[in-house]
Amino acid sequence: MNDWKDRLNVVYSTNPDFKYETEKEDEPDTLPKEKQLLRISLDKRNRKGKAVTLITGFVGTNDDLEDLGKLLKVKCGVGGSAKDGEIIIQGDFRNKVLELLQKEGYAKARII
């Protein structure tokens, strides 16, 4: 595996015990579904007047966030994205998203 792109600040070292600095962010462990405090809101800012449903408050790995985002996008039949701890669903689907999240076991999800 080529990990040379991940190395920071050092091109080459002759020291056999040298450990390269790598930029790895520790992802938080994903909280159980019943402990997730998800907030569902409608957001129109910086979106050229288009409304999106914004789900915030997810604590966990990016993979789990993307899986949840994909599930919501498929069930709502629209596009969106999942990154930086937020899930964006195109359009106003607050009630449907709340219903879907509660069916999935996210008991503390609420609309703000």
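Anything mentioned here points back to the structure above.
Figured I'd write up the structure that's included with this text. Please read these numbers as outputs of a predicted model, since none were measured by experiment.

The rules we used
Residues numbered from 1 in each chain as written. Predicted model: local features only at pLDDT ≥ 70, side-chain atom pairs only at ≥ 80, totals over all residues. Heavy atoms only, no water. Helix = DSSP H or I, 4+ residues; strand = E, 2+ residues; numbered from the N terminus. Contact = heavy atoms within 4.5 Å. Pairing = 2+ DSSP bridges. Axes fitted to C-alpha atoms, helices over the stretch in contact; angles between N-to-C directions. Core = buried A, V, L, I, M, F, W, Y, C linked by side-chain atoms within 4.5 Å. Buried < 20%, exposed > 50% of the residue type's maximum accessible area, 1.4 Å probe, protein only.

Turning our eyes to something else, we now look at the side chain of Thr 56. For Thr 56, the position within the fold is in strand β4 (residues 52–56). With near-sequence residues (within four places) excluded, Thr 56 lies in contact with Leu 37, Leu 38, Arg 39, Gly 85 and Glu 86.

Two strands pair when backbone bridges link them, and strand β5 (residues 80–83) and strand β6 (residues 86–90) are joined in this way by four bridges, in the antiparallel orientation. Among the inter-strand pairings, Lys 83 is bridged to a residue of β6, identified as Glu 86. The hairpin turn running from β5 into β6, its antiparallel successor, is two residues long, and Asp 84 in that turn takes a positive phi close to 55 degrees.

As a further point, take the sheet that holds strand β7 (residues 110–111). Strand order in this open sheet of five strands is β5-β6-β4-β3-β7, and the pairing throughout is mixed. The open sheet has two edge strands, β5 and β7, and neither has a second partner. Alignment of β4 against β6, held across three bridges, turns out to be antiparallel. When the bridges of β6 are listed, Leu 54 appears paired with Ile 88. Against the sheet, helix α1 (residues 62–76) engages β4, β5 and β6, with an angle of about 15 degrees to β6.

This part takes up the nonpolar core. In terms of nonpolar packing, the biggest core is built from 17 residues, with Leu 38, Ile 55, Leu 68, Leu 72, Ile 87 and Leu 101 touching the most fellow members. The set of elements that each furnish at least two residues to this core consists of α1, β6 and α2 (94–104). Setting aside residues up to four positions removed in sequence, Ile 87 forms contacts with Thr 53, Leu 54, Ile 55, Leu 65, Leu 68, Gly 69, Leu 72, Ser 81 and Ala 82.

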